[in-house]
Amino acid sequence: MQLNDKTPIVAIATAAGRGAIGVVRLSVPVHHTDAMLSTLFPGILLEPRHAHLLDVTDVKGALLDRAIVLYFPAPASYTGETVLEIQAHGGPMLLRLILRSVLEKLAFIGIRIAEPGEFTKRAFLNGRIDLAQAEAVSGLIDAVSEASAQAAARSLSGDFSRRIHAVGSLLDEARALTEAQLDFPEEELDDLMADEIVQRMETAAGRIDELLKTARKGAVLAEGLTVALVGAPNVGKSSLLNALAGEEVAIVTDIAGTTRDRIEHWTAFNGVPLRIVDTAGLRDTTDVVESKGIERSLQALKEADIVLALSDASGQVADDADALKRVEETVRCGTPVLHIANKCDLASDGVLNELQSRGAIAISAKNGEGLEDLKSRVLDLADMAGGTEEVFLARERHLECLRQAGVHIRRALEIADSGFGMMEFLAEELRLAGRSLGEILGETDAEGLLDIIFSRFCIGK
Ligand SMILES: Nc1nc2c(c(=O)[nH]1)N(C=O)[C@@H](CNc1ccc(C(=O)N[C@@H](CCC(=O)O)C(=O)O)cc1)CN2
Ligand SMILES: Nc1nc2c(ncn2[C@@H]2O[C@H](COP(=O)(O)OP(=O)(O)OP(=O)(O)O)[C@@H](O)[C@H]2O)c(=O)[nH]1
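Residues numbered from 1 in each chain as written. Chains lettered and ligands numbered in written order. Predicted model: local features only at pLDDT ≥ 70, side-chain atom pairs only at ≥ 80, totals over all residues. Heavy atoms only, no water.

Asker: Would you explain the overall build of the chain in this entry?
Answerer: Check the secondary structure of the chain and you find 15 helices and 12 strands. With the C-alpha coordinates of the chain rotated into their principal frame, the extents come out at 85 × 80 × 35 Å. For the chain, with 461 residues in total, the buried portion stands at 48%. Within the chain, contacts between residues separated by at least 24 positions form 67% of all contacts whose residues are at least 6 apart in sequence. Carbon and sulfur atoms form 51% of the exposed surface of the chain, whose accessible area is close to 21900 Å². Positive and negative side-chain charges in the chain, numbering 47 and 71 respectively, have mean positions lying 7 Å apart. (Helix = DSSP H or I, 4+ residues; strand = E, 2+ residues; numbered from the N terminus. Buried < 20%, exposed > 50% of the residue type's maximum accessible area, 1.4 Å probe, protein only. Contact = heavy atoms within 4.5 Å. Areas by Shrake-Rupley, 256 points an atom, 1.4 Å probe, with all protein chains shown as cover. Lys, Arg positive; Asp, Glu negative; His and termini not counted. Charge placed at Lys NZ, Arg CZ, Asp CG, Glu CD.)

Written out as structure tokens, the structure reads:
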């Protein structure tokens, strides 16, 4: 995708498949506006931002549909170019015919089908939204829980971006004060000025830490938490999946080795999207299918954000210790492992006490006991126990930029601390901190980054 490509584009903007209404959307540079309008709707004067009910025809003039047409003249549009929307009946064939008609009729201005995310990319390149907002657009479309949708909406409204800007301004001020000092090297830096600079840097550092904390939560809302259920066969992994999902997702039997493949299910705890992965029970086996399944269990273990290691508190499952040992050996360093004592409804007090004394949470996948406790422990581990009202959607990319900004500002503070000996370096660290923040908003021109971000969008967005 070329940066600043000025080719007119068109796409079906609504989801594939049948729907009540379907939208074909065009974005064309302002100088093609008249040619586009007079070709598609000859003799009709479209009033900007008003709904018109118009005939839509193919190249030969045959009627395709009567549709609502909306005209947004540049620059007051989603993309900043002239946008035209044809809101037709939502049949997949009809929408394809309208798309083809537009492509054929407007071939003379070079129109082509838009790439994924290209409308939003143009909105970004034309300064309608910044990069964090553009990413929030896809976050809003991909949101799987209420909390993640709300967080994305907050980011899209510019809430996150404004906070980044505010910290950026503090850094700019600190740097301006520093640089003013550089211009008069013979003068001693007076204490008042030094205080002014340090104060701004400290406030900025504190705000970056806060933003990082919130952004970590925002990233969890955007990506979801992956929770793997592991343990020996028959300890009740599939039963726990079903209990957490609230439906019969996985097959449950009393035959050890029932689950052969990993089973994934999305749910939410307290609005936090959660991917639960049920896996094949871990044991030595000569069964080819089962051992392939066990390989996948171990893979799921490595990919998990949180591991729930199940034991059978009823004492019916013998090879428990072996399975738990394999869990400990395989799990990625730093991934929290929660020990779960399942079937507490069948357990003797002795066994249960023993498991609990080792930190296990007692639950019964069968009667639901302990599940609320389990959920809150999972949220605690992910640092998502508090509400998500203030959280905005964030990506790993944003976290990395915030971390970088934090590193530079701390270095700047160290320089200040050691007596402002190296003002040039201090100014440079402040500049680098500001640049890291700017990257979040897309203020640096990294074309590769844009391609990665926008290629994840759906077509027509
Ligand atoms: N039919 C339709 N629905 C849609 C969209 C769309 O493009 N078309 N959107 C997106 O896909 C979202 C809405 N986003 C939009 C954002 C800005 C502008 C716009 O025209 N902005 C101008 C004018 C602002 C104003 O009048 O307040 C501007 O920013 O200058 C339009 C849609 C969701 N729903
Ligand atoms: N009483 C009681 N029985 C349970 C509980 N959880 C699971 N079970 C029973 O234990 C048996 C095994 O349950 P599953 O959920 O299939 O166990 P699994 O760990 O997924 O087993 P594999 O697929 O073999 O790895 C079934 O008969 C369940 O009904 C529980 O909390 N209490």
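Asker: Is there a simple way to explain the UniProt feature "binding site: Mg(2+)" (unreviewed entry) in the chain in this structure?
Answerer: The positions UniProt marks with the feature "binding site: Mg(2+)" (unreviewed entry) are Ser238 and Thr259. A maximum C-alpha distance of 7.5 Å is found for the annotated residues, which run over 22 residues; spatially they form one tight group. Structurally, the position occupied by Ser238 is in helix H8 (residues 237-245). Classification of Ser238 as buried rests on a relative accessible area of 9%. Following the sequence through the fold, Thr259 ends up in the loop between H8 and strand S8 (263-269). (UniProt positions renumbered as here; feature names shortened; annotations may be inferred.)

Asker: What is the right way to read the nonpolar core from this model?
Answerer: Inside soluble globular proteins, nonpolar side chains tend to come together where they are buried. Counting 48 residues, the largest nonpolar core has Leu240, Leu308, Ile340, Leu374 and Val378 as its most contacted members. Beyond its immediate chain neighbours, meaning those up to four positions away, Val378 contacts Val227, Phe269, Ile306, Leu308 and Leu338. If you look at the next biggest cluster of nonpolar residues, it comprises 33 residues, including Val167, Ile208, Leu402 and Ala405. (Core = buried A, V, L, I, M, F, W, Y, C linked by side-chain atoms within 4.5 Å.)

Asker: What is the right way to read the site of ligand 1 from this model?
Answerer: Around ligand 1, the structure places Arg25, Arg49, Phe72, Ala76, Ser77, Tyr78, Glu85, Gln87, Arg128 and Lys461. At 2.4 Å, a side-chain N or O of Glu85 approaches a nitrogen atom of ligand 1. At a separation of 3.4 Å, a nitrogen atom of ligand 1 approaches a polar side-chain atom of Gln87. Against a free-state accessible area of 670 Å², the protein chains account for coverage of 48% of ligand 1. Residue classes in the shell around ligand 1 are distributed as 3 nonpolar, 2 polar and 5 charged. (Near = heavy atom within 4 Å. Polar contact = N/O pair within 3.5 Å; in protein donor to acceptor, adjacent residues only side chain to side chain. Nonpolar A, V, L, I, M, F, W, Y, C, P; charged D, E, K, R; others polar.)

Asker: Please explain the packing of aromatic side chains as it appears in this structure.
Answerer: The relative placement of two aromatic rings is captured by the distance of their centres and the angle of their planes. With the rule as written, the count across this model stands at 3 aromatic pairs. For the pair Phe124 and Phe454, a centre-to-centre distance of 6.5 Å together with 35° between the ring planes defines the contact as tilted. Pair noted here: Phe124 is in helix H3 (residues 118-125) and Phe454 is in helix H15 (residues 447-455), with a separation of 330 residues, a long-range link. Phe454 matches Phe124 in its accessibility class, with the two residues each being buried. Centroid distance Phe454 to Phe457: 5.3 Å. Interplanar angle 40°. Geometry classified as tilted. Neither residue differs from the other here; Phe454 and Phe457 are each classed as buried. (Phe/Tyr/Trp six-rings, centres within 6.5 Å; stacked < 30°, edge-to-face > 60°.)

Asker: Can you help me understand helix H4 (residues 131-142) in this one?
Answerer: Because an α-helix completes one turn every 3.6 residues, residues spaced three or four positions apart along the sequence face the same direction. Under the 1.5 Å per step criterion, the end-to-end length of H4 is 17 Å for 12 residues, consistent within 8% with the ideal 16 Å. Every buried residue belonging to H4 is among Leu131, Ala132, Gln133, Ala134, Glu135, Ala136, Val137, Ser138 and Gly139, and all of these are buried. Where H4 is buried, its residues contact H3, helix H5 (146-156), helix H6 (159-182), helix H13 (396-417), helix H14 (423-441) and H15. Among the residues of H4, the N-terminal cap falls to Asp130, whose side-chain oxygen and the backbone nitrogen of Ala132 are separated by 3.0 Å. (Expected span 1.5 Å × (residues − 1).)

Asker: Mind showing me how you'd approach the side chain of Asp5 here?
Answerer: Residue position: Asp5 is located in the segment before strand S1 (9-12). One polar contact links Asp5 to Arg112, side chain to side chain, over a distance of 2.8 Å. The residues contacting Asp5, other than those within four sequence positions of it, are Arg112, Glu118 and Arg122.

Asker: I tried to follow the environment of Glu223 on my own but got confused; where do I start?
Answerer: Secondary-structure assignment places Glu223 in helix H7 (residues 191-223). Given a relative accessible area of 42%, Glu223 falls into the partly exposed group. Along the backbone, Glu223 and Ala143 are 80 residues apart, and their C-alpha atoms lie at a distance of 8.9 Å. With residues up to four places along the chain from it excluded, the contact list for Glu223 reads Trp266 and Arg395.

Asker: In this structure, what is going on with the pattern of salt bridges? I would like to understand it.
Answerer: Two side chains that carry opposite charge are able to pair once their charged atoms sit near each other. According to the stated counting rule, one finds 29 salt bridges in the structure shown. Where Glu303 meets Arg262, a salt bridge forms, and the shortest distance between an N and an O atom there is 3.4 Å. Separated by 41 residues along the polypeptide, Glu303 in helix H9 (residues 288-303) and Arg262 in the loop between H8 and S8 bring together distant segments of the chain. According to the relative accessible area criterion, Glu303 is partly exposed, its value standing at 41%. Residues Arg403 and Glu396 are paired through a salt bridge, measuring 3.5 Å at the closest nitrogen-oxygen approach. Put simply, Asp5, Glu81, Arg112, Glu118 and Arg122 are held in one network by salt bridges that share partners. (Salt bridge = Lys/Arg side-chain N within 4 Å of Asp/Glu carboxyl O.)

Asker: What's the story with the environment of Met384 in this structure? I'm lost.
Answerer: Tracing the chain through its elements places Met384 in the loop between helix H12 (371-381) and H13. Owing to a relative accessible area of 2%, Met384 belongs among the buried residues under this scheme. The sequence separation of Met384 and Leu437 amounts to 53 residues, and the corresponding C-alpha distance is 25 Å. With sequence-adjacent residues up to four places away left out, Met384 is seen in contact with Lys217, Val220, Leu221, Val272 and Leu379.

Asker: Is there a simple way to explain unusual backbone geometry in this structure?
Answerer: If a residue is not glycine, its phi is most likely negative; likewise, a peptide bond is most likely trans. Ala74 connects to Pro75 through a cis peptide bond whose omega is 5°. Among the structural elements, Pro75 can be located in the loop between strand S4 (63-72) and strand S5 (82-90). One non-glycine residue, Arg49, adopts positive backbone phi at about 55°. By the secondary structure assignment, Arg49 is in the loop between helix H1 (33-40) and strand S3 (52-57). The phi dihedral of Asn270 falls on the positive side, at around 55°, and the residue is not glycine. By secondary structure assignment, the location of Asn270 is in the loop between S8 and strand S9 (272-278).

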